[in-house]
Amino acid sequence: EFMRKFRLFINTCCDEDIYRLIPSRMLNNLYLDRYHSLKIVKAEGQNVPVEVLNSMRAFIGAWINVTPIALTKYNHEMMIGEFLTIGLTAVKLYNSIDENAFPRSDKVKSALQKFGSDEEALFDSFPPLISMLAVAGYFYSKIGNRIYWLQYDLAKRHDIDDSPDNLVLVYSHEAESIQVKINDIVRPAVRLGWSANCKDFEWSSIKPSLLYPEQPANDIPMKVYVQSHALLRLAERIDCINESILHFNMYDSFCDPKICFDSHHNFLIEYRIFGTKAGYFRFDIVNNILVVRTFLFLTNSGTPEGDLLGKNTGLKMLDKKYLAIDKLSTFISSDIKTNPQLKKIFTDSGCQCLFDLVNEIDPDSISMPKKSTSALMLSYLGYVNTLIPETVAELSS
């Protein structure tokens, strides 16, 4: 089956039946020395639970077998999994042929040159795989548990033969936790870090000058730790996005921190989901360590936008909780985004970014029923006097 696909591939790339000119002894050796299917293994010295490794194998294995690469210059399309075996073996054949090795070897070499020396085709084929490995890494990672990153590599399997393996090496970093004393209460916290470049692990840090620019003191970066309460509030309030994605974006928000203040002049750091603001982290400085205390959704009281929303509408914390506008899912599943009157209320309070974020999320990926909440909300705000009975029944259920 491998050689059948290999013949089809090189003949298509060469626009002629070049396969028939290759001696059977060379084809047999090529098969023995072919590129093997992608294997996912833990890197040397790494602690990766068996269930995580097996899940990664199933996830990545399924993806490479259904994700195509379009080799448009050769009028051919193949799955990434096949390209890693058949495509790379074709390059290997081109590089191994001596023009005088067998009769008409010069013709075979010349015919294979178009693909065998095409660095552009090789370069265009690997970014989807590398991107997928990055996604898989942070899909399995969680702050407070383990952070994973995956690297593609080629290696010889000397324990079996000299044929090359397509390898994915899995690395991991276990959470580092401490006990911190805040307001005379000892609280556990985990250090914030991630592997954002699929090469190594990096800790988050904040320079004191970002918080106190007027004090030219020692600017040694402060370590960043996160209380479990902040992670719980993050998952509770951004309740329709995968937790690993939330954690990655927490790390990413601290890579380029944007500092502001609440109405009590407490420090806040913006939380952004792939560049779009969704809320803030409130934190304390304890013994030159930054400890994230909690997460505030954009509309929560205590944020600039939440306080402005309260000022513009009179809504307090319990009102927002009753209307469920303290969670992202409400903006996705309800008709707020399509009601011009309500949308203006939120945008006038600085919450346009929530609608920008909603527009970036595929609604089909969110498994929650659609709700009509605009009538209740407008009535609650005093814009209408009555509610449609069906709407009340729906909201009550």
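The preceding data block contains the structure.
Residues numbered from 1 in each chain as written. Predicted model: local features only at pLDDT ≥ 70, side-chain atom pairs only at ≥ 80, totals over all residues. Heavy atoms only, no water.

### Concerning empty space enclosed by the protein
As a reminder, the rule being used: As defined here, a cavity is a set of points on a 1 Å grid over the protein atoms alone where a 1.4 Å probe fits but cannot get out. A pocket is an open set with protein on both sides within 12 Å along at least five of seven lines, and residues line them when an atom is within 4 Å of a point. Grid points are joined across faces, edges and corners, and a volume is the space filled by probe spheres set on the points. Gly falls in the polar group here, along with every residue not listed as nonpolar (Ala, Val, Leu, Ile, Met, Phe, Trp, Tyr, Cys, Pro) or charged (Asp, Glu, Lys, Arg). What counts as a helix is a DSSP run of H or I of at least four residues, what counts as a strand is a run of E of at least two, and both are numbered from the N terminus.
Counted under the stated rule, the structure contains 2 cavities of 30 Å³ or more. The space that makes up the largest cavity amounts to roughly 70 Å³. The wall of the largest cavity is formed by K142, I143, G144, N145, I147, H173, E174, A175, R191, G193, F201 and W203. In the lining of the largest cavity, the residues fall into 5 nonpolar, 4 polar and 3 charged. Along the walls of the second largest cavity sit F9, I10, C13, C14, A90, L112 and F115, which together make up its complete lining. Within the residue set of the lining of the second largest cavity, elements represented by two or more residues are α1 (2-14) and α5 (105-116).

### Things to note about the layout of surface pockets
Of the voids in this model, the second largest pocket is the one considered here, and its volume is about 230 Å³. Lining the second largest pocket are 14 residues; nearest its centre among them are R237, N300, M317, K321 and D326. Broken down by secondary-structure element, the contributors of at least two residues to the lining of the second largest pocket are α9 (228-237), β15 (289-297) and α12 (317-323). Looking at side-chain class alone, the lining of the second largest pocket contains 3 nonpolar, 4 polar and 7 charged residues.

### So, the packing of aromatic side chains
Two numbers describe a pair of aromatic rings. These are the distance of the centres and the angle of the planes. Selection rule: Only Phe, Tyr and Trp rings are paired, with Trp represented by its six-membered ring, and only when their centres lie within 6.5 Å; those with planes under 30 degrees apart are stacked, over 60 edge-to-face, the remainder tilted. The rule is simple: take the accessible area with a 1.4 Å probe, protein chains only, and divide by the maximum for that residue type; under 20% is buried, over 50% is exposed, in between is partly exposed. Each ring is checked for a lysine NZ or an arginine CZ that lies within 6 Å of its centre and within 35 degrees of its normal; such an atom marks a charge sitting over the ring.
Summed over all chains, the structure comprises 27 aromatic pairs. With 4.9 Å between their ring centres and 10° between their planes, Y138 and F248 make a pair best called stacked. With Y138 in helix α7 (residues 127-139) and F248 in helix α10 (residues 243-255), the pair connects residues that are 110 residues apart, well separated along the chain. When sorted by exposure, Y138 lands in the same class as F248, which is buried. The side chain of K109 reaches across the aromatic face of Y94, ending 4.3 Å from its centre.

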